[in-house]
Amino acid sequence: MAAGVSWMLELEVQPGRAKDLTVLMNEMIAATRANELGTLDYEWSLSADGSVCHIFERYTDSAAVMVHLGTFDEKYAGRFLEILKPVRFVVYGSPSQDVKDALADFNAVYMQPVGGFSR
């Protein structure tokens, strides 16, 4: 079984916070790109009306997830949760118990790998 972990996080953008979201998103993308080599994909998408945000993230393994979550908790969690309200969080792959514990407050749904492949 592959060690990779990925997720799709669906969030509601708080009214009037579009500019704040853009600033935060750009800051988080730049920091993740520069400092987290275990992050393979880090993609943000918005609905046409800007009210819904999806974030797709994919990591080499649970250790890379924990690096990302450590940075998130330390630098971004407060602003992130003021601007964005989590709606649905679906995790794929084989996250460690440490990852599951770290994500507990987000009420993540874990999908068990049963087949397929990654290149």
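Residues numbered from 1 in each chain as written. Predicted model: local features only at pLDDT ≥ 70, side-chain atom pairs only at ≥ 80, totals over all residues. Heavy atoms only, no water.

Asks: Sorry, what's going on with the sheet that holds strand β3 (residues 52-59) here?
Replies: Strand order in the open sheet formed by 5 strands is β2-β3-β1-β4-β5, with mixed pairing between adjacent strands. Either end of the sheet is taken by a strand with one partner, and the two such strands are β2 (39-46) and β5 (109-111). Ignoring strand direction, the axes of neighbouring strands in this sheet form an average angle of 15°. Inspection of the sheet shows β2 paired to β3 by 7 bridges, in the antiparallel sense. The residue of β3 that forms the bridge with L46 is C53. Contacting β1 (5-13), β2 and β4 (84-93), helix α1 (residues 18-35) crosses the sheet at an angle of about 170° to β2. Of the strands in this sheet, β1, β2, β3 and β4 are in contact with helix α2 (residues 62-83), which crosses β1 at around 5°. (Pairing = 2+ DSSP bridges. Helix = DSSP H or I, 4+ residues; strand = E, 2+ residues; numbered from the N terminus. Axes fitted to C-alpha atoms, helices over the stretch in contact; angles between N-to-C directions. Contact = heavy atoms within 4.5 Å.)

Asks: I tried to follow unusual backbone geometry on my own but got confused; where do I start?
Replies: The general pattern is negative phi for most residues beyond glycine and trans for most peptide bonds. One non-glycine residue, N107, adopts positive backbone phi at about 50°. Mapped onto the fold, N107 is located in the loop between α3 (97-102) and β5. Look at N107 and you get exposed, because its relative accessible area is 62%. (Buried < 20%, exposed > 50% of the residue type's maximum accessible area, 1.4 Å probe, protein only.)

Asks: Help me understand the packing of α1 against α2, please; the structure alone is not making it clear to me.
Replies: A pair of packed helices can be characterised by two numbers: the angle between their axes and the separation between those axes. The geometry of α1 relative to α2 is characterised by a closest axis approach of 10 Å and an angle of 175° between their N-to-C directions. As judged from the angle between their axes, α1 and α2 are roughly antiparallel. Residue-level contacts link D20, L21, L24, E27, M28, A31 and T32 of α1 to H68, F72, Y76, R79, F80 and I83 of α2. Class assignment of the residues belonging to the contact of α1 with α2 gives a composition of 8 nonpolar, 2 polar and 3 charged. (Parallel < 35°, antiparallel > 145°, perpendicular 65-115°, else oblique. Nonpolar A, V, L, I, M, F, W, Y, C, P; charged D, E, K, R; others polar.)

Asks: Please clarify how the pairing of β1 should be interpreted in this entry.
Replies: The side chains of a regular strand alternate between both faces of the sheet. As paired strands, β1 and β3 are joined by 8 bridges and run antiparallel to one another. When the bridges of β3 are listed, E12 appears paired with V52. As paired elements, β1 and β4 share 9 bridges and run antiparallel to each other. Considered in β4, the bridge of W7 is made with V91.

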